[in-house]
Amino acid sequence: MPRSSELSDFEKGIIIGYHKCGRFLRDISSDLKYPKSTMAYVIKKWKVSGDCRNVPRVGRPTKLGDRDRRVLTREIRKNRTQPMALIREEFQQASGSIVSMNTIRKEAHLHGFHGRAAAHKPLITKSNRAARLT
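Quick caveat: nothing in here was measured; it's all calculated off a predicted structure.

1. Concerning the nonpolar core
If you look at the biggest cluster of nonpolar residues, it comprises 10 residues: Leu64, Val71, Leu72, Ile76, Ile87, Phe91, Val99, Ile104, Ala108 and Phe113. Contributing elements (two or more residues each) for this core: α4 (66–78), α5 (84–95) and α6 (101–110). The dominant element in this core, judged by the number of residues it contributes, is α4, at three residues. If you look at the next biggest cluster of nonpolar residues, it comprises eight residues, including Ile28, Val42, Ile43 and Cys52.

Following this line, the structure appears as C-alpha cells:
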C-alpha cells in the first residue's frame, strides 16, 4: 500500500507554473502545503523529460480496494477458526465483490492472519505419568 497519494496532473502543473514564474522552492512548498522534496522531484522530472504527467503502472491492479480489505478483516475477525470457503462466502455477501479463494488467502496473509495447527499435547493420566517417570 502506498504511504501517500500521488499528485494529480493539475497539481503538478501548478507546481511547474510557480517554478516558471521564478518562485523559490521554499515559497512554492509553503504556498501549496507540500513537502519540498515533492516540489523538487516534480520540477526535476519536468526539467529532464519535459513532461511530468502520471504514467500508467505496470502490472495488474489489485482486485480489492481499501474498503473491501476492511470488510475482509472484519469477516475474518468474527470467527477466525472457520474455513476459508465460509469466510469467502460471507465476504462476498458483505461486500458484493466476487473474488477467488487465493485472493482471500493472500489478503488475509497480508493482514497477519495465518492458518496454524495447534501443537499436539499428549494426554497425561496417572498411569501415563507413572509410565513416563519409569
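Read on, since the account is not over.
2. A look at the pattern of salt bridges
Evaluated as defined, the whole model comprises five salt bridges. For the salt bridge of Glu75 with Lys78, the shortest nitrogen-to-oxygen distance reads 3.3 Å. Taken together, the positions of Glu75 and Lys78, both in helix α4 and three residues apart, correspond to about one turn of that helix.

3. Quick notes on the UniProt feature "domain: Transposase Tc1-like" (unreviewed entry) in the protein
When the UniProt feature table is mapped onto this chain numbering, "domain: Transposase Tc1-like" (unreviewed entry) sits at residues 69–133. The annotated region residues 69–133 carries 62% helix and 0% strand content, and the separation between its end C-alpha atoms amounts to 52 Å.

4. Quick word on the packing of α4 against α5
Contact pair α4 / α5: the axes reach a minimum separation of 9 Å and the direction vectors enclose 135°. When the interaxial angle is binned, α4 and α5 end up oblique. Considering the relative orientation of α4 and α5, their crossing is right-handed. Touching Asp68, Val71, Leu72, Glu75 and Ile76 of α4 are Ile87, Glu90, Phe91, Ala94 and Ser95, all from α5.

Calculation rules
Residues numbered from 1 in each chain as written. Predicted model: local features only at pLDDT ≥ 70, side-chain atom pairs only at ≥ 80, totals over all residues. Heavy atoms only, no water. Core = buried A, V, L, I, M, F, W, Y, C linked by side-chain atoms within 4.5 Å. Buried < 20%, exposed > 50% of the residue type's maximum accessible area, 1.4 Å probe, protein only. Helix = DSSP H or I, 4+ residues; strand = E, 2+ residues; numbered from the N terminus. Salt bridge = Lys/Arg side-chain N within 4 Å of Asp/Glu carboxyl O. UniProt positions renumbered as here; feature names shortened; annotations may be inferred. Axes fitted to C-alpha atoms, helices over the stretch in contact; angles between N-to-C directions. Parallel < 35°, antiparallel > 145°, perpendicular 65-115°, else oblique. Left-handed = near helix turned anticlockwise from the far one by under 90°. Contact = heavy atoms within 4.5 Å.

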